[in-house]
Amino acid sequence: KNKTAALKGRLARTMELKYHPGFGSEISSEALPHALPKGQNSPQQCPYGLYAEQLSGSAFTCPRETNRRSWLYRTLPSAKHKPFEPIDQGNLTNDFDKQPPNPNQMRWKPFKLPEDSETVDFVEGISTVCGAGDPRCRSGCVVHVYTCNSSMKDKCFYNSDGDFLVVPQLGPLHIVTEFGELYVEPLEIVIIQQGMRFSVNVSGASRGYILEVFDNHFQLPYLGPIGANGLANPRDFLAPVAKFEQREVTAGFTVVSKYQGKLFAAMQYHSPFDVVAWHGNYYPYKYDLRKFMVINAVSFDHAVSWSGEQG
């Protein structure tokens, strides 16, 4: 009975959220009617007295097919905060020269969850496992594991170095972003792209994986001889619907930034999730792995033996 009730509660929370379908699509989303300017991106006066900001995920002048950007219309400018100051790194690092290379096969036990007496949020619980490259050169990737048991209260995070692909392994994540909300559970993944502010709420002890990439954004591969359909279908990717809060935080709202592999924090006195409307092709999104259409040839043999391959 308890398990059934939990599943029903989880389903109810999931169904409460609405999403825009599509991968890399041009999307328009409004939390209030007519909040998006008509025929303009940055008029002298935006509807409802909002502030227009563009979030760029690519070079401003790159070709149209690779240009990634979204316009956000918010109640207060995102730059309205105190200066950033360095904070403790914890187990997060991009310095891979401290450890000598090791060609041996390795594996590890599941990372321990925080004790009940501890309070660890998503950012504090990130531990780096391995990686290569450097965010300053815009090349490379890193694998992290997160373990946490507490929601990020009046605190958000954004990554200036690259994109996060988050894979929950234990416990669902309720992610609040500037673009809206996402509910992500095990067997789903979520991509939060460079520069996007978000908070992670959890209902208990949670654990999962993070793939961080520095050099580009995630793309769907060409299908080649498969044809027009199959693998991950673009319409199964879901982006959040605009939702905002206009909230003063007298005690302070902490904004954590990952910049060149280091963590910094700044204080502001309003919620950063104040985007009333947005449009563009640069946004966070999630995907249900159960919708992936596997294509394979195993009638009498397997073409590749992964366990026996050596690279």
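Residues numbered from 1 in each chain as written. Predicted model: local features only at pLDDT ≥ 70, side-chain atom pairs only at ≥ 80, totals over all residues. Heavy atoms only, no water.

Considerations on the overall build of the chain
Check the secondary structure of the chain and you find one helix and 19 strands. A compact globule built from 311 residues would reach a C-alpha radius of gyration of about 19 Å, and the chain, at 21 Å, matches this within 12%. When each of the 311 residues of the chain is scored for burial, the buried share is 44%. Considering only contacts within the chain whose residues lie at least 6 apart along the sequence, 76% involve residues at least 24 apart. Split by element, the accessible area of the chain, about 18,200 Å² in all, is 53% carbon and sulfur. In the chain, 31 positive and 31 negative side-chain charges are present, and the distance between their average locations comes to 5 Å. (Helix = DSSP H or I, 4+ residues; strand = E, 2+ residues; numbered from the N terminus. Rg over C-alpha atoms; globule rule 2.2 N^0.38 Å. Buried < 20%, exposed > 50% of the residue type's maximum accessible area, 1.4 Å probe, protein only. Contact = heavy atoms within 4.5 Å. Areas by Shrake-Rupley, 256 points an atom, 1.4 Å probe, with all protein chains shown as cover. Lys, Arg positive; Asp, Glu negative; His and termini not counted. Charge placed at Lys NZ, Arg CZ, Asp CG, Glu CD.)

Looking at the sheet that holds strand 2 (residues 27-30)
In sheet architecture, strand pairing relies on hydrogen bonds along the backbone and comes in two forms, parallel and antiparallel. Pairing in this open sheet of four strands is antiparallel, and the strands run 2-18-4-3 from one edge to the other. Sheet topology places strand 2 and strand 3 (51-56) at the edges, where each strand pairs with a single neighbour. Here the strands of the sheet are splayed against their neighbours by 20° on average, with no regard to which way each runs. Here strand 2 pairs with strand 18 (residues 275-280) via four bridges, running antiparallel. Within the sheet, the bridge partner assigned to Ile27 lies in strand 18 and is Gly280. (Pairing = 2+ DSSP bridges. Axes fitted to C-alpha atoms, helices over the stretch in contact; angles between N-to-C directions.)

Here we look at the sheet that holds strand 1 (residues 19-21)
Pairing in this open sheet of eight strands is antiparallel, and the strands run 1-15-19-12-9-14-7-6 from one edge to the other. One side of each edge strand has no neighbouring strand; the edge strands of this open sheet are strand 1 and strand 6 (126-134). Taken over all neighbouring pairs, the strand axes of this sheet differ in orientation by 20° on average, direction set aside. Across four bridges, the pairing between strand 12 (residues 188-192) and strand 19 (residues 285-288) is antiparallel. Considered in strand 19, the bridge of Ile191 is made with Tyr285.

Brief notes about the pattern of salt bridges
Under the defined criterion, the tally for this structure stands at 14 salt bridges. Between Arg69 and Glu26 there is a salt bridge, with its nearest N and O atoms 3.3 Å apart. With Arg69 in strand 4 (residues 69-74) and Glu26 in the loop between strand 1 and strand 2, this residue pair connects regions lying 43 residues apart in the sequence. Among the salt bridges present, the one from Lys286 reaches Glu188, with a minimum N-O distance of 3.3 Å. Highlighted residues: Lys286 in strand 19 and Glu188 in strand 12, separated in sequence by 98 residues. Note on accessibility: Lys286 and Glu188 belong to one class, buried. Where salt bridges share partners, they join Glu53, Arg74, Glu178 and Asp274 into one cluster. (Salt bridge = Lys/Arg side-chain N within 4 Å of Asp/Glu carboxyl O.)

Re a nonpolar patch on the surface
On the surface, Ile226, Met293 and Ile295 cluster together into a nonpolar patch covering about 250 Å² of accessible area. Here Ile295 shows up in the segment after strand 19. (Patch = residues over 30% accessible without salt bridge, like charges linked within 9 Å, V, L, I, M, F, W, Y side chains within 5 Å.)

Some thoughts on unusual backbone geometry
The phi dihedral of Asp154 falls on the positive side, at around 50°, and the residue is not glycine. One non-glycine residue, Gln260, lies in positive phi territory at about 55°.

Here's the deal with the packing of aromatic side chains
Tallied over the full model, the rule gives 13 aromatic pairs. Centre to centre, the rings of Phe23 and Phe237 are 4.9 Å apart; their planes meet at 65°, and the pair counts as edge-to-face. Linking Phe23 in the loop between strand 1 and strand 2 with Phe237 in strand 15 (residues 237-240), this pair joins segments that are 214 residues apart in sequence. The class of Phe23 is partly exposed, set by a relative accessible area of 23%. Between Phe157 and Phe198 the ring centres are 5.7 Å apart and the planes differ by 85°, which places this aromatic pair in the edge-to-face class. On the criterion of sequence distance, the pair formed by Phe157 in strand 8 (residues 155-159) and Phe198 in strand 13 (residues 198-201) is long-range, its members being 41 residues apart. With respect to class, Phe157 is no different from Phe198; both count as buried. Clustering of aromatic rings is evident, with ring pairs tying together Phe122, Tyr146, Phe157, Phe164 and Phe198. (Phe/Tyr/Trp six-rings, centres within 6.5 Å; stacked < 30°, edge-to-face > 60°.)

Describing the environment of Asp134
Within the fold, Asp134 resides in strand 6. Here the alpha-carbon distance between Asp134 and Leu170, two residues 36 residues apart in the chain, equals 30 Å. For Asp134, the contacting residues outside a window of four places in its chain are Ser139 and Phe214. In terms of polar contacts, Asp134 uses its side chain to reach the side chain of Arg136, at 2.8 Å. (Polar contact = N/O pair within 3.5 Å; in protein donor to acceptor, adjacent residues only side chain to side chain.)

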